[in-house]
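Residue-level structural notes
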Amino acid sequence: MRRIQYHRYGGPDTMRLEGFVLSSPQEGQVAVSVAAAAVNPIDWKVRRGELKMMTGRSFPRAMGSDFAGTVTATGPGVTGLNPGDQVYGIAALKPSGAFAEAAIVPASNLALKPAGLSFEQAAALATPAAMAFAGLVDRAHLQSGQRVFVNGATGGVGEAVVQLAHALGATVTGTSGPTSIHRARALGIDRVYDYTAADPADQAELQGAFDVVFDTNGFLPVKTAMRLLNKTGVYLDINATPAKFAHAAFIHRHKIFFCKPDTKTLTAAADRAAAGDIQMSIGETVPLEGAIDLIAGLENGRKINGKGLILAGPNN
């Protein structure tokens, strides 16, 4: 088997396409033949060592989180999944391993892929949809008729948040970069603001206007987010820093959270996608041999107007 891996923490130059031996699935694990994998910022953050307190110092380390493929074997204690099932999900943070021809993944991080979704569509859905559900449904308890402000509305998570908010009956205002405003409008956002031009909280009509402020790219200043909220609103933040943790400890409407995949959430997201409520944009697709160049480009700021996908295995 082949996969993208690295032998020390560091920049894009540490990535290698190398052979490895796939282990047998252990208790609660599933072996999957990977058809497609999607690139997310967390993938290079892990490789840089930004999360090494959680991932440790054992090398070589595999890369990749979001994927879709076909179950080839199940470990002891796994129920509800069988060889031949088409699945999608998120590899565990510490071992990672989705940028590969095959991977070992906790069964609890998987859901069945609806027949109406391609492997590519399912792989692109995983983290963005899980984050959208975790924020809007589990933490903000979004209700029909409420107003949502999405910072970074055309990024992967932002795109999923906008669509899920609409499906739940909310109205959406958001920000994007100047070259993506047309994409934001195509998503049906009521009002779109260029986040490079001005602080949206300086707009009088936006102050105190929102039930939910969802910062999907982690760059919205806390002060701005709080100015946009109404008196009972919730600020959803996916970019944890010590200063933000301190603020959230005293201001409980500021909710910092991480993506914790589970079968229930992934199944709900897949059902929404199958119904057409969430459709992720795919910007570029490459074979496994082209994965390093794609990852490095995205890491260095290249824009592709959608998810970057890696086609890894024989399912395609």
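Everything below is about the structure printed above this text.
The rules we used
- Residues numbered from 1 in each chain as written.
- Predicted model: local features only at pLDDT ≥ 70, side-chain atom pairs only at ≥ 80, totals over all residues.
- Heavy atoms only, no water.
- Pairing = 2+ DSSP bridges.
- Helix = DSSP H or I, 4+ residues; strand = E, 2+ residues; numbered from the N terminus.
- Contact = heavy atoms within 4.5 Å.
- Salt bridge = Lys/Arg side-chain N within 4 Å of Asp/Glu carboxyl O.
- Buried < 20%, exposed > 50% of the residue type's maximum accessible area, 1.4 Å probe, protein only.
- Axes fitted to C-alpha atoms, helices over the stretch in contact; angles between N-to-C directions.
- Parallel < 35°, antiparallel > 145°, perpendicular 65-115°, else oblique.
- Nonpolar A, V, L, I, M, F, W, Y, C, P; charged D, E, K, R; others polar.

A closer look at the sheet that holds strand E1 (residues 2-6)
Each strand in a sheet pairs with another by means of backbone hydrogen bonds, the pair being arranged parallel or else antiparallel. Spatial ordering of the open sheet is given by E2-E1-E4, a layout of 3 strands whose pairing is antiparallel. Sheet topology places strand E2 (16-19) and strand E4 (61-62) at the edges, where each strand pairs with a single neighbour.

Brief notes about the environment of valine 87
Relative to the assigned elements, valine 87 resides in strand E6 (residues 86-90). The spacing of valine 87 and proline 60 is 27 residues in sequence and 26 Å in space, taken between C-alpha atoms. Sequence-distant contacts of valine 87, that is, excluding residues within four places in its chain, are made with Val32, Ala68, Gly69, Val71, Leu81, Leu110, Ala111, Leu112 and Lys113.

A look at the pattern of salt bridges
One side chain can pair with another of opposite charge once the charged atoms of both are near each other. All told, the structure shown has 12 salt bridges when counted by the stated rule. Residues glutamate 50 and arginine 48 are paired through a salt bridge, measuring 3.2 Å at the closest nitrogen-oxygen approach. For glutamate 50, a relative accessible area of 45% corresponds to the partly exposed category. Between aspartate 277 and arginine 272 there is a salt bridge, with the nearest N and O atoms lying 3.0 Å from each other. The partly exposed category is assigned to arginine 272, whose relative accessible area is 24%. Via salt bridges that share partners, Arg47, Arg48, Glu50 and Glu299 belong to a single interconnected network.

Focus: the packing of helix H1 (residues 41-48) against helix H9 (residues 291-299)
In the contact formed by H1 and H9, the axes pass within 10 Å of each other and the chain directions differ by 95 degrees. By the criterion of interaxial angle, the relationship of H1 to H9 is roughly perpendicular. Between H1 and H9, the contacting residues are Trp44, Arg47 and Arg48 on the first element and Ile295, Leu298 and Glu299 on the second. Classifying every residue of the contact of H1 with H9 gives 3 nonpolar, no polar and 3 charged.

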